[in-house]
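# Observations on the model geometry
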Amino acid sequence: MLLRTVACRSWARSCLYRAHTTVASRSEPPAGSEEFASAVNDLSKPAHVQAPKRKPFMKSMFLGTVDTELLTFPESLNRDEQARLNRHREELERALQAPAGPDSIRLAGLQGPLAYGGKQFTETEFAYVQELVAGERTVAMGALEHNAIVKLLAQHGTPEAQEQYLAKLCAGETVAAAGLYELSSSRDTMFSTVASLDFTGGRWTLSGTKVFLRTGTADPDLLLVVASTKRMEKLNKEDGTIAAFLVDARAPGVKIAEAPLGTGGLARVTVHLNRVEVPESALVGTENEGGTVLSKFLSAVRVQSSVVRVALLKKVLNGLTEFAIHSKAATGDMMDLELVREQLARMASVIYAAESLIYTTASLMDDYEGQDVEMEAAITKVFTTGSLLSLATLPLQLLGPQALSGERPFQALFDDALKLFIGDESIDSVNLFIALTGLQYAGMHTHETIKKDRNPAMNPSHVLSRLFEKTSIEHPKKFADLQQYFHPSLEPAAHWIEQSVVRLRLATECVLSRHGVEVIERHLELGRLATIATQLYAMVACASRASRSYCIGLRHAAQDVHLANMFCREGSERVRLLALELEKGPYITSDDDYNVIARNLFREKRYYFEHPLTRNF
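Worth saying up front: this structure is predicted, and the values here are computed from it rather than measured.

So, on to the packing of aromatic side chains. On inspection of all chains with the given rule, the structure shows five aromatic pairs. An aromatic cluster is present here, built from Tyr607, Tyr608 and Phe609 joined pairwise through their rings. Above the ring of Phe433, the side-chain terminus of Arg302 is found at 5.8 Å from the ring centroid.

So, in structure tokens, the structure goes:
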């Protein structure tokens, strides 16, 4: 039956394609054929061509290695794909401007398979279209999560689940949400939510509590739930620890209740799973592929949600720019004040870098088969989220209480920024993931060198060779002449990028040599390392985009170059300071002092310092 269904779909697609060529050959298309032609174009859309997998881009930076092929800003879409995407965007824009307004149904199948009524958008295409609704935070966040689940189901779902859900998901008849996060943690399992398999009945039983974001007032129909399958002490090296399931939100044992914390249209909702039974066909991937499924989902959502945050940043910048143009200060026009110009220019550079990160990362996901982009996606989220709250407070710094006036939109924008900043992930935890992932990759390739660094008495010749090295964090030595991969006007940016790559490598070696496997407990040093990697990736994306703009003659390309050189210069200085702190260690910096003070706070259970007027005599 399944083979017959697939064969019928293939025959239908071939017939539609022949009909399309027949219609296209006529001088005048028949009346009312516009909708039919659109369907034909969707079904005849060729698959996006992917190149073979390359080595991880940012992970390799921890080894001081640069994949120079990826320094060119990507042009993921060819001319035909770009033309098709522009047409889709125009159609969707007209639909969203209709009296009904934006709704998730029109966005439900953008990344779904063509055979099930979807558009099969790549991450680059989806990000471009997502910009249309990025201002509608509720619609955009719901749509990106729904599409990520549809894409996972198409790639890793069982044939039974695909036939049951994909067509309804693409049509918007069924709404999907992700139940990944939890309010409590467990020491015995990866997740507090546990799934156990009944081998005789072939069904899984799920128990636990999850948190998801509900868009609007209606509950989702389908939940993607990630659960632990084995206790930590019972794991073998080859075992998977987690598995992903599709759970019907109306199944017996599923109870949805809104939590106290809501985010204006995006309500934080808890779902209680009380021995919920799901069939084996509900598995997304195999029992041991839960980690892969979760990684793909998080990577896609982290990149696409950054589109929404960048849209909000643009609103803040545009509002401030307009205010500065039409406002006066004591010494003249507000737009002539150096302080205002500096702050707005910095904000523009951050937005430019964030946009560059989004499309660089999306291209890596689209253009290379099975490419490792976990770190790049995490960096994209950290950069956009970290910038969001600090830049959303800029109106308060420049305008003071006037920014909270009801006549201006800045208070509403700040509220939106705060709600998006909260999200579902701790930024510190994502930073730790970035640093530990990079250190793990570096350790796998340099373990012999690190072993010698940690045992100097047994390796005197190695110690001597280290002493006579000509490169250091303070004075890094160029190694690849990266300026040849950028336009000559971006030679300063290329120079600072190359220095930062060397500093990231030296800082990585320093941290691994000092702490070994215990580095996992050095959160402050891990945070510095993650910030260096984040800044470096943003510098590369920013400079490569500016180089492309200048080479192809885009409007304002000269300003792109100014912005990229400025951003890379300031980023390089930040990288230098962070790397020097890592080199100094916890006792020369304030890291150890933080631990001493915090331990006393925990012991006293309060702020324990005596009042300034206290006397002891």
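After presenting the structure, the write-up continues.
According to the stated counting rule, one finds one cavity of 30 Å³ or more in the structure shown. Taken together, Ala392, Pro395, Leu396, Ala403, Leu404, Phe410, Gln411 and Phe414 form the lining of the largest cavity. Elements that contribute at least two residues to the lining of the largest cavity include exactly α11 (394-399) and α12 (410-422). It is α12 that provides the largest number of residues to the lining of the largest cavity, a total of three residues. Across the lining of the largest cavity, the residue classes tally to seven nonpolar, one polar and no charged.

To continue, consider the pairing of strand β1 (residues 176-179). What you see with β1 is no split at all: Ala176 and Ala178 on one side and Ala177 and Gly179 on the other are buried throughout. Inspection of the sheet shows β1 paired to strand β4 (residues 222-228) by four bridges, in the parallel sense. Residue pairing across strands places Ala178 opposite Leu224, the latter belonging to β4.

For helix α9 (residues 338-367), spanning 30 residues, the distance from its first C-alpha to its last is 43 Å, which sits close to the expected 44 Å at 1.5 Å a residue. Most of α9 sits out of view: 23 of its 30 residues are buried.

What follows is about the packing of helix α8 (residues 290-325) against α9. Their axes nearest at 10 Å, the elements α8 and α9 cross at an angle of 155 degrees. Classified by the angle their axes make, α8 and α9 are roughly antiparallel. For the pair α8 and α9, the sense of crossing is left-handed. Taken together, the residues of the contact of α8 with α9 break down into 17 nonpolar, four polar and two charged.

Met58, Met61, Leu246, Phe297, Ile434 and Ile497 are the most contacted members of the largest nonpolar core, which has 144 residues in total. Ranked by residue count, the leading element in this core is α8, at 18 residues. Discounting chain neighbours no more than four positions away, the residues touching Ile434 are Phe62, Met375, Ala378, Ile379, Val382, Ala530, Ala533 and Thr534. Core analysis: the next-biggest nonpolar cluster, separate from the first, contains 21 residues, Val225, Val254, Val278 and Leu283 among them.

A word on the confidence of the model for the chain. Close inspection of predicted coordinates is inappropriate in any region flagged by low pLDDT. Summary statistics for the chain give a mean pLDDT of 85 and a share of 88% for residues scoring 70 or more. Mean pLDDT across the elements of the chain bottoms out in helix α1 (residues 2-25) (38) and peaks in helix α16 (residues 523-552) (97). Low pLDDT (under 50) marks residues 1-37, which in the prediction has 16 contacts with non-local residues, meaning those over four places away or in another chain.

A word on the pairing of β4. With seven of seven residues buried, β4 lies mostly within the body of the structure. Judged from the seven bridges that link them, β4 and strand β5 (residues 242-248) form a sheet pairing that is antiparallel. Bridge pairing in β5 links Ala227 to Ala243.

The next subject is helix α17 (residues 557-584). Compared with the 40 Å implied by 1.5 Å per residue over 28 residues, the 41 Å span of α17 between its first and last C-alpha is a close match. Just beyond α17, the residue with positive phi is Gly585, at close to 95 degrees.

To continue, consider the side chain of Ser363. When you line up the elements, Ser363 lands in helix α9. Engagement of the side chain of Ser363 in a polar contact is seen with the side chain of Asp367, the distance being 2.7 Å. Look past the residues within four positions of Ser363 in its chain and what remains in contact with it is Pro74, Ser76, Thr124 and Tyr368.

Each value, and the rule that gives it
- Residues numbered from 1 in each chain as written.
- Predicted model: local features only at pLDDT ≥ 70, side-chain atom pairs only at ≥ 80, totals over all residues.
- Heavy atoms only, no water.
- Phe/Tyr/Trp six-rings, centres within 6.5 Å; stacked < 30°, edge-to-face > 60°.
- Lys NZ or Arg CZ within 6 Å of the ring centre and 35° of its normal.
- 1 Å grid on protein atoms, 1.4 Å probe; cavity = no way out; pocket = protein on both sides within 12 Å on 5 of 7 lines; lining within 4 Å.
- Points joined across faces, edges and corners; volume = space filled by probe spheres on them.
- Helix = DSSP H or I, 4+ residues; strand = E, 2+ residues; numbered from the N terminus.
- Nonpolar A, V, L, I, M, F, W, Y, C, P; charged D, E, K, R; others polar.
- Buried < 20%, exposed > 50% of the residue type's maximum accessible area, 1.4 Å probe, protein only.
- Pairing = 2+ DSSP bridges.
- Expected span 1.5 Å × (residues − 1).
- Axes fitted to C-alpha atoms, helices over the stretch in contact; angles between N-to-C directions.
- Parallel < 35°, antiparallel > 145°, perpendicular 65-115°, else oblique.
- Left-handed = near helix turned anticlockwise from the far one by under 90°.
- Core = buried A, V, L, I, M, F, W, Y, C linked by side-chain atoms within 4.5 Å.
- Contact = heavy atoms within 4.5 Å.
- pLDDT = per-residue confidence, 0-100.
- Polar contact = N/O pair within 3.5 Å; in protein donor to acceptor, adjacent residues only side chain to side chain.

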